[in-house]
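The residues making up each chain are set out below.
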Amino acid sequence: MSDLGTLGRGESYAWAINNRGQIVGRSQTASGEFHGFLWEKGVMTDLGDLGGRWSEASGINDRGQIVGASSTTDGSVHAFLWEHGTLTDLGTPGGGWSQAYRINNRGQIVGASATALGELHAVLWENGQLVDLGTLGGKESYALGINDLGQVVGASKIGPGNTVHAFLWENGVM
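None of these values were measured; they are calculated from a predicted model.

Side note on the sheet that holds strand β2 (residues 23-29)
Okay, step 1: Spatial ordering of the open sheet is given by β1-β2-β3-β4, a layout of four strands whose pairing is antiparallel. Looking along the sheet, the strands with just one partner apiece sit at the ends: β1 (8-17) and β4 (43-46). Each adjacent strand pair in this sheet contributes to an overall mean axis angle of 35°, direction not counted.
Okay, step 2: Two strands pair when backbone bridges link them, and strand β3 (residues 34-40) and β4 are joined in this way by four bridges, in the antiparallel orientation. The partner of E40 across the bridge, within β4, is V43.

Quick word on the environment of W39
Okay, step 1: For W39, the location among the structural elements is in strand β3.
Okay, step 2: Given a relative accessible area of 18%, W39 falls into the buried group.
Okay, step 3: Among residues more than four places away in sequence, those in contact with W39 are L4, G21, Q22, I23 and M44.

Definitions and cut-offs
- Residues numbered from 1 in each chain as written.
- Predicted model: local features only at pLDDT ≥ 70, side-chain atom pairs only at ≥ 80, totals over all residues.
- Heavy atoms only, no water.
- Pairing = 2+ DSSP bridges.
- Helix = DSSP H or I, 4+ residues; strand = E, 2+ residues; numbered from the N terminus.
- Axes fitted to C-alpha atoms, helices over the stretch in contact; angles between N-to-C directions.
- Buried < 20%, exposed > 50% of the residue type's maximum accessible area, 1.4 Å probe, protein only.
- Contact = heavy atoms within 4.5 Å.

This is the structure we're talking about:
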């Protein structure tokens, strides 16, 4: 077991690793805020944020593209893509909240986003477009993983109660 360290103090958490040994997660900075990081060859790099006070990196592909979420200057939470030192805001298409969880080697990103109706839906970002993957009948779903075939897995509420079922989404069908 190897200690990856922190971005300055306190705690750090690793969320994902790719086949090149690059690791992403979140760590406390010297000022006490949490920021997403990339750990590579013994060096932890701060990915920054989208103008708010925190960020976290939750997924990385073999090309080194990183996804996660960050607070913004207005206090909302936006999904991001980090690539070659640049943090790109993926936005919140339905309203104030989105999070990216994983990215495959084709650059397809999955996560969740608030809808205009105030629900949370599993989503897929592909070629700059957002696809709402829907739910299994409830008002919440989260896309938590994607493979290189574009198959998406996650969890969805199945009705008005709080029962949650795992799902597979492929070829446009959950």
